[in-house]
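Listed below, chain by chain, are the residues.
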Amino acid sequence: MTGITVRRALARDARSMAELHARRIDEGFLPTLGTAFLARLYGRVVRTRTAAAFVAVDAEGTTVGFAAACADLGSLYRRFAVRDGAIAALQAAPRIARSWRRVLETMRYPQHADGLPPAEILAVAVGERAAGRGVGRALVDACVRDLARSGVTGVKVTAGSHNGAARALYEGCGFHEATRVHVHDGVESSVYVRDCVARGPAPLLHSVELGR
Ligand SMILES: CC(C)(COP(=O)(O)OP(=O)(O)OC[C@H]1O[C@@H](n2cnc3c(N)ncnc32)[C@H](O)[C@@H]1OP(=O)(O)O)[C@@H](O)C(=O)NCCC(=O)NCCS
């Protein structure tokens, strides 16, 4: 039996999270900004008190999945812009210039999502070889428990309405579809929400069984 461990992400995990994001997530414009930009963003997530990330690591120490969440996406983006904006913008400058409209759409999205909880699961990705074995679910559960422990009462997540794996994951984790939005180029996305219930301290480490 091969064990996969889910643990809180550290700054040194930012690069592998960025690489998984770039390889596995084709929704939104973030992957188009490049791995260096994503690594800086996830570096900021793990350093921000109101945000959190978890990684799933296999027995060889390879990162096979990650999830990131924050209590308020707007304030995370503002913090990122102030602390990392200049370097991140330089790293992604040609790509930002090409997709400036999508950058603005994404920055505005939290403000026009009226009535939805400000807390958000930013991204979840599991590598091809570890997919379908409960790793995504363990990562989402870890994020929800962490948000609940910090006093968050509700959380949302957005996924392409066509993304069957993501829909199954979020519905299986207790989310329900609250609304549909068209964020980029008219592509439809579903916004899922669920309550967060604090149930005592979350374990920082736990194992997920592969090959069920
Ligand atoms: C979405 C994703 C994270 C799921 O991770 P995973 O580890 O394979 O998911 P799990 O094994 O924990 O499965 C969770 C549920 O989703 C279902 N599921 C997983 N992959 C599925 C697929 N391809 N099609 C249909 N259902 C699927 C499982 O059967 C399970 O359902 P259950 O709760 O009823 O048992 C993974 O497919 C992935 O990385 N996709 C690419 C990135 C992405 O789209 N991320 C989400 C948007 S940011």
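Residues numbered from 1 in each chain as written. Predicted model: local features only at pLDDT ≥ 70, side-chain atom pairs only at ≥ 80, totals over all residues. Heavy atoms only, no water.

**Q** Looking at this structure, how should I read the nonpolar core?
**A** Within soluble globular proteins, side chains that are nonpolar tend to cluster in buried spots. In terms of nonpolar packing, the biggest core is built from 33 residues, with Ile-121, Leu-139, Val-140, Val-155, Tyr-170 and Phe-175 touching the most fellow members. For this core, the elements supplying multiple residues, two or more each, are strand E1 (3-8), strand E2 (51-57), strand E3 (63-70), strand E4 (120-126), helix H5 (135-149), strand E5 (154-160) and helix H6 (164-172). Of the residues forming this core, the biggest block, nine residues, is contributed by H5. By size, the runner-up hydrophobic cluster in this structure holds 29 residues, among which are Phe-37, Leu-38, Phe-66 and Ala-88. (Core = buried A, V, L, I, M, F, W, Y, C linked by side-chain atoms within 4.5 Å. Buried < 20%, exposed > 50% of the residue type's maximum accessible area, 1.4 Å probe, protein only. Helix = DSSP H or I, 4+ residues; strand = E, 2+ residues; numbered from the N terminus.)

**Q** What's the story with the layout of surface pockets in this structure? I'm lost.
**A** Think of a ball as big as a water molecule: rolled over the atoms, this probe shows where empty space is left. Reported here for the largest pocket is a volume of approximately 1,200 Å³. Along the walls of the largest pocket sit 50 residues, with Ile-25, Glu-27, Val-124, Thr-158 and Tyr-170 positioned nearest its centre. Counting residues per element, the ones that place at least two in the lining of the largest pocket are helix H1 (14-24), helix H2 (35-47), helix H3 (73-98), helix H4 (100-112), E4, H5, E5 and H6. Class assignment for the residues of the lining of the largest pocket results in 29 nonpolar, 13 polar and eight charged. (1 Å grid on protein atoms, 1.4 Å probe; cavity = no way out; pocket = protein on both sides within 12 Å on 5 of 7 lines; lining within 4 Å. Points joined across faces, edges and corners; volume = space filled by probe spheres on them. Nonpolar A, V, L, I, M, F, W, Y, C, P; charged D, E, K, R; others polar.)

**Q** I'm lost on the pairing of E2 in this one. Help?
**A** Every regular strand shows the same layout, with side chains that alternate between the two sheet faces. Among the seven residues that make up E2, seven are buried, leaving the element largely enclosed by the rest of the structure. Side chains Ala-51, Ala-53, Val-55 and Val-57 of E2 all project onto a buried face; the interleaved residues Ala-52, Phe-54 and Ala-56 project onto the opposite face, where all are buried too. In terms of strand pairing, E1 meets E2 through four bridges, oriented antiparallel. Its bridge partner being in E2, Arg-7 is matched across the sheet by Val-55. The pairing of E2 with E3 spans seven bridges and is antiparallel. Bridged to Ala-56 within E3 is Gly-65. The turn joining E2 and E3, which pair antiparallel and follow one another in sequence, is formed by five residues; a positive phi near 90 degrees is taken by Gly-61. (Pairing = 2+ DSSP bridges.)

**Q** For this particular structure, what's the right way to read the packing of aromatic side chains?
**A** The relative placement of two aromatic rings is captured by the distance of their centres and the angle of their planes. Under the counting rule described, the total for this entry stands at four aromatic pairs. With 5.1 Å between their ring centres and 70 degrees between their planes, Tyr-42 and Phe-66 make a pair best called edge-to-face. Of this pair, Tyr-42 sits in helix H2 while Phe-66 sits in strand E3; the two residues are 24 residues apart in sequence, bridging distant segments of the chain. The exposure class assigned to Phe-66 is buried, which follows from its relative accessible area of 0%. An aromatic cluster is present here, built from Tyr-170, Phe-175 and Tyr-192 joined pairwise through their rings. (Phe/Tyr/Trp six-rings, centres within 6.5 Å; stacked < 30°, edge-to-face > 60°.)

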